[in-house]
Structure formats: C-alpha cells, structure tokens
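# Remarks on the overall topology
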Amino acid sequence: MTDTPAIELKGISKSFGPVQANKDISIRVMPGTIHGIIGENGAGKSTLMSILYGFYKADSGEIFINGRQTQIPDSQAAIAAGIGMVFQHFKLVQNFTVLENVILGAEDGGLLKPSLAKARGVLQHLAQEYELNVDPDAMIEDLSVGHQQRVEILKALYREAEILILDEPTGVLTPAEADHLFRILEGLKREGKTIILITHKLREIMEITDTVSVMRRGEMTATVKTAETSPEELAELMVGRKVLLRVDKTPAKPGKSVLEVENLRHTDSAGVERLKGISLKVQAGEILGIAGVSGNGQSELLQVLGGMKTATGTVRVNGEEIDLTGRYSDGQSRRARGISHVPEDRQHEGLIMPYTAWENVAFGYHHDPKYQKNAILMDNAAIKRDAEGKIERFDVRPPNANLAARNFSGGNQQKIVLAREIERNPDILLVGQPTRGVDIGAIEFIHQQIVALRDQGKAILLVSVELDEILSLSDRVAVMFDGQIMGERLPSETNQTELGLLMAGVTQMPDKDKPLIHVVDEQLDAQKEREAKRHGHS
Amino acid sequence: MDLATLIPVLESTIRLSTPLLLACLAGLFSERAGIFDIGLEGKMLIAAFFSAAVAYSSGNVWIGLLAGIAASLTLSAIHGLASITFRGNQLISGVALNFLASGLTVLISQNWFRQGGKTPTLTDGARLSEWHLPFADSLRDVPVLGPIYSDLLSGHAPLVYLAFALVPATWWVLFRTRFGLRLRAVGEAPEAVDTAGVSVVGLRFAAVAICGILCGIAGAYMATGLQPFFGKEMTAGRGYIALAALIFSKWRPWYALGACLLFGFLQAVALRFQNIDLGAFTVPVQVMDALPYILTVVILAGFVGKAIPPRAGGEPYVKER
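If you're wondering where the values come from, they're calculated on a predicted model, not measured in any experiment. (Residues numbered from 1 in each chain as written. Chains lettered and ligands numbered in written order. Predicted model: local features only at pLDDT ≥ 70, side-chain atom pairs only at ≥ 80, totals over all residues. Heavy atoms only, no water.)

### Some points on the overall build of chain A
- Looking only at helices and strands, chain A features 18 helices and 20 strands.
- Whereas a compact globule of 538 residues would reach a radius of gyration of roughly 24 Å, chain A reaches 25 Å, a difference of no more than 12%.
- In terms of overall dimensions, chain A has a C-alpha envelope of 70 × 50 × 45 Å along the principal axes.
- Relative to its full complement of 538 residues, chain A shows a buried share of 55%.
- Considering only contacts in chain A between residues 6 or more positions apart, those separated by 24 or more positions represent 67%.
- A total of about 23,200 Å² of accessible surface is found on chain A, and carbon and sulfur atoms cover 48% of it.
- Here chain A carries 62 positive and 75 negative side-chain charges, and the mean point of each set is 4 Å from the other. (Helix = DSSP H or I, 4+ residues; strand = E, 2+ residues; numbered from the N terminus. Rg over C-alpha atoms; globule rule 2.2 N^0.38 Å. Buried < 20%, exposed > 50% of the residue type's maximum accessible area, 1.4 Å probe, protein only. Contact = heavy atoms within 4.5 Å. Areas by Shrake-Rupley, 256 points an atom, 1.4 Å probe, with all protein chains shown as cover. Lys, Arg positive; Asp, Glu negative; His and termini not counted. Charge placed at Lys NZ, Arg CZ, Asp CG, Glu CD.)

Here it is in structure tokens:
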C-alpha cells in the first residue's frame, strides 16, 4: 500500500443560497480501503459526494485523485477519473435490460451489437469474480431491489471504476442482501478498489469500514480508525453530545386487547392485492412492531387502519367493530374511535409543508370545541397557545409556532406530528417510520415518547424498515412479506438473521451448507415472477 | 368490391397516410426522448405554407421543401427552448405554437399573395413529380399483381417512398444504435443518462430537431404533393390524428405504420364514397367526412388497451440533490 491517497479533498466548501452544506472539508481516503462517512441527515455527506461525482461544483477547494489535482466539472469527468457512484435512488432505466443499462453512456461505437456482446463477456467475468450474479437479459423492472443495486455496481465496474462511492446502500435491502453486499465490497477491496460508504447506520460502519469520517452540520468533525473507536463515540461525534443508543424500557405489562384485526384484505387501484388476509392483535400497554422490507404491504396496513384506504375484513377497537368501507371509514371517524396515526410519509400525509406549525397542530382536530371562537370563526389565538405548549413539551426546535412546517428539520417535523397525535391521548397509536430522516439526537427523544405512551397503557402499532428500531422498541415483532404476516417473534428470542429470512418470505431455516443469500435470492425472484405474471408480461 | 374499385382507394390510402406517418414518426422521436409535442399540427402547417410559397416563388419544389423544413425547425427550436432550456410546460408550449402557426400562415399568405390566405397553384417544377417504378408500364397487364405494382405502388411522389422507408430506418436507429439507446433512455430515466455522463439537454434537442425535420417534410408533402397549393388550415387536424396514431401504436415504429395506414384508409374511404345511398336513406357527405375523426376517438377510447408512455415524458429534467 502506498502513501498516496486515492482521493484527497482539500478545503471543499459549498453553499446553497444561505445554507452552507460543506464547510472547508478536507479528507484523505487511502487506496484499497473501505472508508465510511457517517453523519446525520443534512450533515452534508451526499453533497460532498455529489461534488466528487461532478454533480455539483464546489465553491472552493481542490480535489486530488491518486495524488494528481483533478477538475471534476461533470459526471463524465468523474467517470474518466475512475470514480463510480451507486446512488441511494438507483439511476436505472426500468424497461431496459441489464446489459442495456450497463452500456448506456459507455458504448464502444455507434452500433449497439458489438457493445452488448462485449458487455456480456465482461459481466460474466465480474459475476464470477465478485459474486455479482444478475441475468444480463432481465428487464430492470423485473428484478428485486437487491439485484438492481448489483446492476448499479456492475455499471461502475464496467466503466473500470477504481473508486466506488455507495450512498446509503442498505436502506432498501433485507439483512441477508445487505450481508451479501458487504461480501461484495470486501471482494472489491481485496482487488485493490477503494470504497467510500455513506451511511447513517453505526452498525454498518463498525462492521465493514477501515476508517470512518464523521460529518456534522457541513463540517468534518473527525476521521478515525474504525478499530479504535466505538459506536458510542461515533454517535457523540455526530450529534455533538452524549446520546443513548439503547432504548431504556421496562418489560411490557400488556392489558386487555385493544386492536384486533382479522383477515384484512386490500387491493390497490392497479388491481394488485397488497394485503392478503392480515390478522393481528395489539394489547394495551404493548408495542407491536411490524418489520419488513418496504413495499410489502406495511404502508397499506397503516393506511387502512388510519382511515386512508378501504379494505375488507374485520377490525375491532376495544371490542367494537369499525367501518372499513362506508362513510365512517375516514380518518375523522378513526380519530373519534381513539386511533391516532403518525403516517410514514410525514411531509405529504402528516403535515402541510407551507403551513405554519400552529396550523399543522390543529389539522385533523380542527373541530375540537376548544379551537372554536363561535359558530363560524376558529379561535386562532387558542390554537396558537395550544401549539406553543405542545412545541415546548416536545422540544421542537426552533420553538417558533409561526414558522412554516417545511422550515423545520426532519426530526422536528416529526416531533410536531407526534405532539399533535400523542397529546390527544389516543387508545391506539399507529406509527410509521418514526425516525426516517430524523437525526440521532431526535431519535432518542422520539423513542422515549413512544415508550412513555406505552407505559401509560396505550396500544402501539409500529411499522419500521429499520430492524434495529423494531428490535429495540417492540415488545412483540411481526414480519410482513408480500402482504402477509410471515410470523411473530419475541425480540428477546430472535435475531437479525431469523427476521431477515422472514422478511424475504423464508419461513424455514435453510440447510446449513446453503448460503443464505441464495435462499433469499430464490425467494425474491419467485415473488418477482409471480408479480410479473399478474401484470401479464414476460 | 373488386380490384378496380379497391385499388384507387388503397392508392389514396397510401397518399393520405404519408403526412400522418411522417408526423407520427416525428412525434415518436420527440416523445421517446421525453418531450411531448402537441405542436405537430402547427409545424406541419407552417412547413406547408413556406414550402408552397417558396416553391411558387422560386419555381423549384426542392427549395420549397428546404424552406418548409426550416420553418418547422424554427418552431421546434422554440419548443425546445421553452420546454428543455426553460423547463416550461410542454403542452402549453405546443398549443401556443399551433396558434402561432395557424395565425402566421394566413397573415403572411394574405400579405404575400392576396388570395384569401391561399397560395397560387403550383405548376411544373414547383410541385412534386411522381416517381414511376421500373417496368411499371410493361407489367401493368399482369393479372392482379400488375395493377397492384403499376397503379398502387408506382407513381407516387418521392416523399411517399421516403416516408415508408423511414419506418424501418426509425426502428433501426432506435433499437440498434447508440443514439437510439440514449434517446430512449432519456425519455424513460433522464437521471440515468445524466449520471452516465451523457448530456440530457443535447439528446432532447437532437430529438426535437428530428421531429422538426420530419414535420417539415410532412407539411411540404401536403402543399406540394398531396395538393398543389397551400390553403388556410389545410392540415385539418392531421397533427392530432398523428398523435392519436402515436398513442395507438404505443410509441413503436412498425405499429405506427399500421396505425397511420388505418387512419389514412379511413380518410380515403371518406373521400371516395361521399354520399352513400342505403336505399331508405342516404348517409350524407358530412358524416363520411367526419368518420375518420369519429373513428379516431372510438379507436383510442376502446382499442388501445394499456398504452404506457415514456416514463419521463412531459417532465422537464431537473437535477436532484
């Protein structure tokens, strides 16, 4: 290993209007290593990498690749410099084949035939070398997310990238797929490639990186050897103060059954059955966590229970059946029954972004008599007073009720929604992705609020794609796959591997000698095939 | 119906399908690249006028054709500027250009020729001559195949043969060349093209320019081949029918050929059979004239099935953070 860094950034600064996304950032990434960049949302990680990939131009600063100063005005230049990037949201053409996606922009000449033939050979070779197996003739839309990600990596390798940047690569993967991805990355590292891994998950940093750089509010706060640090220290560097990584909670004392769901079915507007007979029960004073890879029906389950979608089946709240299709199947009726809903997509379903915090606090509860001045007018002063109280109790920052919702950070937006729903003292709280896009400091607070509500004897249905969150918060865990519940486990009696298999629809522990990823691959491919048949193609 | 009545109908089907096909392929290039173009009509119209006017003034139909293409390309450039560079709404830009073409052609024509918006009738070298295929005369007497070759396939303007040759050419460009791969990609996922280091703006302008050239040829054919003059609003909604054919064909070149032939056939039938006497009552000529348009609506409403347009169609490309 040489002393010349594969990448060296010196004094990179970048502003978007008044917001300084990167402040005087310097970093050295050594060749043949996996370098993690960790930081909260909005810390500037993605901006920094977009500068390196030529998506943005830095206001000031210098980039050195293998010791040579390099200008990267566009993606073309980045590719020429040997940099490949796997974006969080894949940049693939859905109705092109794998081969077509791989050669797009890197064709060898005016005609496609020779390029496609060459790519087929290269892909075969890469598949063997790095366990990057994908059918070269498959349409992207027919591939599972994990396979689509492999195509993105293949795209970069086909362009002979020596430096690979991955932006939050595990967000959409099952744990087995994530493990497989890490194996691929280890393989690439062995071949001398340099890898930059951007993530907000401490576990991944500890598991796979050699070096880790921490970013906070646009600044690089530290670069340390992974072996010489701990999750706690990294969290502190990210947030700027000590944070509690484990959720402090006592064992649940479940009471009577509050929410009972039987054989719930929902078919979406495209005619695809999203819920295929869900049955579950949540008791007072417990948190039922629903784990699963996003897109397996969890969103629809929350939306049906929250009154945003209709369904067939039976749902009982405190023993009384509720309306699932008729005129009392709306959100208003659900709130009247004591169901509060913190939706997954807070920016579209939880808040109206251009409206102020105090207006948002009243939404859904604007019929509340205490918000009315008389028969016609609302009492805005009363709403504002109420909102200010909630903002204070939920530690919303900045504590300004007149600010538009969009001007708060993700974590503080979530606190506004939580304050509105929790302070209504519901019997049941439906909560989806409570900490998606939320900074670590706020995660701690939000988790505490959810546990506190449980301890008051409320029933909580938690949906999250973050397995760590499910395991640390839930008293019971149900795993959803393809619109069905694959099984229920106690957090103390299960582990990530078992849940991960359930998330891929594998209910039986496979043979010892069969690699897990093959089992998961087969299962996910089978699901895709069923879907394709339903849509009537291929 | 015997061959003698069928051949003239089919012969005019070919002629009437030609402008539809050219416009439809024009739209195909543009929309496959993600730029919806409702302005096919306006581009054809302005090309029709300028080709006829310049052909008349110069006495050379080919100079007229170039003028028509140039006029159509000018409108394409405006559409590109509005919808690609300035990320405006593509439908509004297209509609505006249609209005512009409709007004401008009549205004200039009246000012120039003072014939109520019409151009004078083109003669000799100012209009497209017909191409006679080899041996057309000597083979005429061969039964069945003779008339098909000599009367149906032979004797059209060169632009007709060009239009039909463009179908396989378009297919080949789209599906066998690097340019085609990138063009289709930019209409489906411009972000994939951008991150691959290829210019989204460049590709889209190229597509819009091809669209302009083909619309120019379509318009020129109408005013120098199909008719020997330009008349007010002479495209008569053909740009919209071409759009309908484009949807009907699900943005595929060979299907586009089929769709345009079908719509052309409907127009030919309406022209050939004006008042149809059904004994008890007579189907009036207006019904026959309206038939292609009515059937367009019926076909689009009922027979298209699931047509999936290019995914990024109509959306200006903005780099994401």
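### Regarding the environment of Gln283 of chain A
All names here are of chain A.
- Position of Gln283 relative to the elements: it lies in strand S12 (residues 273-283).
- Given a relative accessible area of 24%, Gln283 falls into the partly exposed group.
- Distance in space between the C-alpha atoms of Gln283 and Asn318 is 9.7 Å, their sequence separation being 35 residues.
- Setting aside residues no more than four positions away along its own chain, Gln283 makes contact with Pro254, Gly255, Lys256, Ser257, Val258, Lys458 and Ala459.

### Examining the packing of aromatic side chains
- Applying the stated criterion across every chain yields a total of 13 aromatic pairs over all chains.
- Ring geometry for Phe394 of chain A and Phe445 of chain A: centres 6.1 Å apart, planes at 75 degrees, overall edge-to-face. In this pair, Phe394 of chain A sits in the loop between helix H13 (380-393) and helix H14 (410-422) while Phe445 of chain A sits in helix H15 (residues 440-455), placing the two residues 51 residues apart along the sequence.
- With centroids separated by 6.0 Å and ring planes inclined at 25 degrees, the aromatic side chains of Trp131 of chain B and Tyr161 of chain B adopt a geometry described as stacked. (Phe/Tyr/Trp six-rings, centres within 6.5 Å; stacked < 30°, edge-to-face > 60°.)

### Remarks on the interface of chain B and chain A
- Taken together, the contact between chain B and chain A spans 24 residues of the former and 29 residues of the latter.
- Approximately 2,200 Å² of surface area, both sides summed, lies buried where chain B meets chain A, with 58% of it carried by carbon and sulfur atoms.
- Between chain B and chain A we count three salt bridges in total.
- Glu107 of chain A is paired through a salt bridge with Arg182 of chain B; the nearest N and O atoms lie 2.6 Å apart.
- At the surface where chain B touches chain A, the tally comes to six residue pairs in polar contact (both at pLDDT 80 or more).
- Among the elements of the structure, helix H7 (158-176), helix H8 (178-188) and helix H9 (190-195) of chain B are those that each provide at least two residues to the side of chain B that touches chain A.
- Class assignment for the residues of the side of chain B that touches chain A results in ten nonpolar, three polar and eleven charged. (Buried area = accessible area lost by both parts, 1.4 Å probe. Salt bridge = Lys/Arg side-chain N within 4 Å of Asp/Glu carboxyl O. Polar contact = N/O pair within 3.5 Å; in protein donor to acceptor, adjacent residues only side chain to side chain. Nonpolar A, V, L, I, M, F, W, Y, C, P; charged D, E, K, R; others polar.)

### A few points about helix H4 (residues 90-113) of chain B
All names here are of chain B.
- Here H4 spans 34 Å end to end across 24 residues, near enough to the 34 Å set by a 1.5 Å rise per residue.
- Every buried residue of H4 is listed here: Gln90, Ser93, Gly94, Leu97, Asn98, Ala101, Ser102, Thr105, Val106, Ser109 and Phe113.
- Where H4 is buried, its residues contact helix H2 (40-58), helix H3 (61-85) and helix H11 (238-248).
- By the N-cap criterion, in which a side-chain oxygen at the helix start approaches the backbone nitrogen of a residue two or three places on, H4 is capped by Asn89, the distance to Leu91 being 2.8 Å.
- Count one or two residues on from H4 and you reach Arg114, which has phi positive near 50 degrees. (Expected span 1.5 Å × (residues − 1).)

### Re empty space enclosed by the protein
- Counted by the stated rule, this structure contains four cavities of 30 Å³ or more.
- Tyr53, Met85, Glu152 and Lys155 of chain A together with Thr195 of chain B are, among the 15 residues lining the largest cavity, the residues nearest its centre.
- Where the lining of the largest cavity is concerned, the elements lending two or more residues are strand S6 (83-86) and helix H5 (145-158) of chain A together with H9 of chain B.
- Tallied by class, the residues present in the lining of the largest cavity amount to nine nonpolar, two polar and four charged. (1 Å grid on protein atoms, 1.4 Å probe; cavity = no way out; pocket = protein on both sides within 12 Å on 5 of 7 lines; lining within 4 Å. Points joined across faces, edges and corners; volume = space filled by probe spheres on them.)

### Things to note about the domain arrangement of chain A
All names here are of chain A.
- Along its sequence, chain A is carved into domain 1 (7-239), domain 2 (257-507) and domain 3 (513-538).
- Using C-alpha coordinates to define each centre, domain 1 is positioned 27 Å away from domain 3.
- Counting from both sides, the interface comprises eleven residues of domain 1 and, opposite them, nine residues of domain 3.
- Summing the contributions of domain 1 and of domain 3, the shared interface buries around 830 Å²; its carbon and sulfur component is 59%.
- Inspection of the region where domain 1 meets domain 3 yields zero salt bridges.
- There are zero residue pairs in polar contact (both at pLDDT 80 or more) connecting domain 1 and domain 3.
- Of all the secondary-structure elements, those providing two or more residues to the side of domain 1 that touches domain 3 are H5 and helix H6 (175-190).
- Broken down by class, the residue content of the side of domain 1 that touches domain 3 amounts to two nonpolar, four polar and five charged. (Domains from an automatic or database assignment.)

### Quick look at the pairing of S12 of chain A
All names here are of chain A.
- Across eight bridges, the pairing between strand S11 (residues 257-267) and S12 is antiparallel. Its bridge partner lying in S12, Thr267 is registered against Glu273.
- Taking the residues that link successive antiparallel strands as the turn, the S11-S12 hairpin has five residues, and the phi of Gly271 there is positive, at about 85 degrees. (Pairing = 2+ DSSP bridges.)

### Some remarks on the sheet that holds strand S10 (residues 219-225) of chain A
Residues and elements named next belong to chain A.
- Strands sit in the order S6-S7-S8-S3-S9-S10 across an open sheet of six strands; the sheet is mixed. Strand pairing shows two members of the sheet lacking a second neighbour, S6 and S10, which therefore form its edges. Neighbouring strand axes in the sheet, compared pairwise and without regard to direction, differ in orientation by 20 degrees on average.
- Relative to the sheet, H5 contacts S6 and strand S7 (163-167), its axis offset from that of S6 by approximately 170 degrees. (Axes fitted to C-alpha atoms, helices over the stretch in contact; angles between N-to-C directions.)

### Remarks on the pairing of strand S9 (residues 211-216) of chain A
All names here are of chain A.
- Burial analysis of S9 places five of its six residues in the buried class, the great majority of the element.
- Relative to S9, strand S3 (residues 34-39) is paired through five bridges, and the arrangement is parallel. Looking at the pairing, Ile37 lines up with Ser213 of S9.
- Joining the antiparallel neighbours S9 and S10 is a turn of two residues, in which Arg217 adopts a positive phi near 45 degrees.

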